[in-house]
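Working through the structure, step by step
Below, each chain spelled out in residue letters.
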Amino acid sequence: MNKHLTARTHIHNEAEADNPLLRVKACKYRDRVNSLLKSGSSIGLRFKTRRAWLCAGAAALLLGACATPQKITGFGDGPAFERAGRFALNVSGANGQREALQGGFAWRDTGRLLVLDLANPLGSILARIDVSAASATLTHSDGRIEQAPNPDALVEEVLGSPMPVRGLRDWLQGKVGDSAISEVKKDEDGHISGFSQDGWRVRLSRYDNEGPRLLQMNRSDTSRNISVRLVVDDS
């Protein structure tokens, strides 16, 4: 079987959600996904994880939306910046292959310690990433632990494609960080709405008092185009 999965997702509108046939299909998908998630296999493993996410993603689209994981508690003293919501990641290969992943995230950043939970579309935590000044640690759902110098490499280990965690420490707060930026744009309220940084083209919108509630990030290299979309549901 090819290492990469081909996937095309179609979002159903409200009228389709009322269709009895679609509701039956959604129930069948949900039962299949729940059976997969309760099985003895380790869904935190690379290919099996991505396959489970794709199956669960189809069910989530039929059922309406991915579940948002619970806020992270008990990590780091003092005030923290917190966000929780959903993400969608799409990868288009130069050979025409496409891969689509969806899920939820919970974010807690004290400045000294960042904790990021990644969940499948049904809300079950697949991995937790702890980031300190010295290292980044990934804890899989089956208890396996991995470490790396930076969190981006660990997220790619879970998702199979990169997500700019280091950049998001600033971008989620409507900031741009210290590395070089270009093409900076602002909205009519003075919020940063777009820029390019560290190889990513970033768009920020739907601001509240904490920062943007919609983040769209894109990057391209010689072999693929990557698109990441984050929607903040709670803060």
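Scroll up to find the structure.
In what follows, the accompanying structure is described.

About the criteria used
Residues numbered from 1 in each chain as written. Predicted model: local features only at pLDDT ≥ 70, side-chain atom pairs only at ≥ 80, totals over all residues. Heavy atoms only, no water. Helix = DSSP H or I, 4+ residues; strand = E, 2+ residues; numbered from the N terminus. Buried < 20%, exposed > 50% of the residue type's maximum accessible area, 1.4 Å probe, protein only. Contact = heavy atoms within 4.5 Å. Areas by Shrake-Rupley, 256 points an atom, 1.4 Å probe, with all protein chains shown as cover. 1 Å grid on protein atoms, 1.4 Å probe; cavity = no way out; pocket = protein on both sides within 12 Å on 5 of 7 lines; lining within 4 Å. Points joined across faces, edges and corners; volume = space filled by probe spheres on them. Polar contact = N/O pair within 3.5 Å; in protein donor to acceptor, adjacent residues only side chain to side chain. Pairing = 2+ DSSP bridges.

**Description of the overall build of the protein chain**
Counting its regular elements, the protein chain contains 5 helices and 11 strands. Looking at the protein chain as a whole, 42% of its 235 residues qualify as buried. Look at the contacts in the protein chain between residues 6 or more apart in sequence, and 49% of them connect residues 24 or more apart. For the protein chain, the accessible area works out to roughly 12,400 Å², and carbon and sulfur atoms hold 48% of it.

**So, empty space enclosed by the protein**
Inspection of every chain in the model, using the stated rule, returns 1 cavity of 30 Å³ or more. Reported here for the largest cavity is a volume of approximately 40 Å³. Looking at the largest cavity, the residues that line it are F105, W107, L116, M163, V165, L168 and L230.

**Quick notes on helix α4 (residues 151–159)**
Summarising burial for α4: 7 of the 9 residues are buried, a large majority. Listing the buried residues of α4 in full gives P151, D152, L154, V155, E157, V158 and L159. By the N-cap criterion, in which a side-chain oxygen at the helix start approaches the backbone nitrogen of a residue two or three places on, α4 is capped by N150, the distance to D152 being 3.1 Å. Phi turns positive one or two residues past the end of α4, at G160, with a value near 85 degrees.

**Side note on the pairing of strand β4 (residues 125–131)**
Counted residue by residue, β4 has 5 buried out of 7 residues, so it is predominantly covered. Here 6 bridges tie strand β3 (residues 114–119) to β4, and the two strands are oriented antiparallel to one another. Paired with D117 across the two strands is R128, which belongs to β4. Turn length for the β3-β4 hairpin, with the two strands adjacent in sequence and antiparallel, is 5 residues, and the turn residue G123 shows positive phi of about 100 degrees.

Purely geometric stuff here, so don't read any function into it on its own.
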